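Chain residues, written in single-letter form:
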Amino acid sequence: MTEAYVSFCAFTAHDFESFLLPMQTGEPMIHQLYPSMCKLLNDLQTKFVKKKKISSDLSSNIYIDVGKKENLKPLN
C-alpha cells in the first residue's frame, strides 16, 4: 500500500507545488485562493477523469461523480 501512496504523491507533486508556491508570499493571497483551488482540482481531474466529462468551466467540474467507472480514464 505504501508504494501506491508514494506513486500518487510523485504523480501529483507538480500540481500541488504549482498551487502552493504562489501562496507562500508575504502578501495576502486570499483573493486568489478560490481560483487557484479550482485550477488545482481541474489539473488533478485531468489526470484521472475522461476529457469529454470535464467542462471548460472550472467550477462546474466539482460535480463530476468520480465513483462511476465510466467517468474515469482506464489504468493503462
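In this text, all values refer to a predicted model and were calculated from it rather than measured experimentally.

Regarding the pattern of salt bridges
- By the definition in use, this model includes 2 salt bridges.
- For D15, the salt bridge is made with K47, and the minimal N-O distance between the two is 3.4 Å. Here D15 is found in helix α1 (residues 2-23), whereas its partner K47 is found in helix α2 (residues 33-48), with 32 residues between them in sequence.
- Given the relative accessible area of 8%, D15 is considered buried.
- Looking at K47, the relative accessible area reads 27%, which means it is partly exposed.
- Of the charged contacts, one joins D43 and K39 as a salt bridge, the two residues approaching to 2.9 Å between their closest N and O atoms. A residue pair is termed a helical-turn pair when its members lie 3 or 4 positions apart in one helix, as D43 and K39 do in helix α2 at 4 residues.
- Residue K39 is classed as partly exposed on the basis of its relative accessible area, which comes to 46%.

What counts as what
- Residues numbered from 1 in each chain as written.
- Predicted model: local features only at pLDDT ≥ 70, side-chain atom pairs only at ≥ 80, totals over all residues.
- Heavy atoms only, no water.
- Salt bridge = Lys/Arg side-chain N within 4 Å of Asp/Glu carboxyl O.
- Helix = DSSP H or I, 4+ residues; strand = E, 2+ residues; numbered from the N terminus.
- Buried < 20%, exposed > 50% of the residue type's maximum accessible area, 1.4 Å probe, protein only.

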